[in-house]
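A look at the structure
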Amino acid sequence: MNKTDAQVVRDAMDLLRKYGHCKFLLYDDASRMCLVGALNLAQGAKYGVFFSAQRPRLASILLQVTEEQHPDRFSGWDDYGAGYVWFNNHPDTTLEDVLSVMDKTAVLLDETS
């Protein structure tokens, strides 16, 4: 069964809640993951093709929500997701911040599907 973009986001949120959040690595030695790592794993690819290449709509809305909710932690738009990577790795970003951005992204994906 193919997952919708919103389901990938919700599954990634579940992974972050279960394993924890890290910065500067997709996955650390304690099995925690960053925002991108969780999204990759939720779509079925731990390494290799990043979710943003396979799900451009998800990536675009994630960037939009990140900029709206945390403009002080957003580095801009590009094809590689630097905006949400910068947000994930920002010193002030917490797991709760990441989950909030992801939740709003999933809601918007549902509303626009």
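Refer to the preceding data block for the structure.
This structure is a prediction, so every number in the text was calculated from the model and none was measured.

**Things to note about the overall build of the protein chain**
Broken down by element type, the protein chain carries six helices and zero strands. Split into buried and exposed, the 113 residues of the protein chain put 49% on the buried side. Considering only intrachain contacts with a sequence separation of at least 6, the fraction spanning at least 24 residues in the protein chain is 51%. With an accessible surface of roughly 6,100 Å², the protein chain has 53% of that area assigned to carbon and sulfur atoms.

**As for helix α2 (residues 35-42)**
With seven of its eight residues buried, α2 lies for the most part within the structure. The set of residues buried in α2 consists of Leu35, Val36, Gly37, Ala38, Leu39, Asn40 and Ala42. The positive-phi residue at the C-terminal boundary of α2 is glycine 44, with phi of around 100°.

**Here's the deal with helix α6 (residues 95-111)**
The end-to-end C-alpha separation of α6 is 24 Å, in line with the 24 Å expected for 17 residues at 1.5 Å each. Burial in α6 covers these residues: Asp97, Val98, Leu99, Val101, Met102, Thr105, Ala106, Leu108 and Leu109. Those residues of α6 that are buried lie in contact with α1 (5-19), α2, α4 (56-69) and α5 (82-89).

**Regarding the pattern of salt bridges**
Using the criterion set out here, one finds eight salt bridges in the structure. With a closest N to O distance of 2.7 Å, aspartate 11 and lysine 3 form a salt bridge. Notably, a salt bridge pairs arginine 57 with aspartate 5, separated by 3.6 Å at the nearest N-O pair. Taken as a pair, arginine 57 in helix α4 and aspartate 5 in helix α1 lie far apart in primary sequence, 52 residues in all. With a relative accessible area of 13%, aspartate 5 lands in the buried category. Residues joined in a network through salt bridges with shared partners are Asp72, Arg73 and Asp97.

Conventions used here
- Residues numbered from 1 in each chain as written.
- Predicted model: local features only at pLDDT ≥ 70, side-chain atom pairs only at ≥ 80, totals over all residues.
- Heavy atoms only, no water.
- Helix = DSSP H or I, 4+ residues; strand = E, 2+ residues; numbered from the N terminus.
- Buried < 20%, exposed > 50% of the residue type's maximum accessible area, 1.4 Å probe, protein only.
- Contact = heavy atoms within 4.5 Å.
- Areas by Shrake-Rupley, 256 points an atom, 1.4 Å probe, with all protein chains shown as cover.
- Expected span 1.5 Å × (residues − 1).
- Salt bridge = Lys/Arg side-chain N within 4 Å of Asp/Glu carboxyl O.

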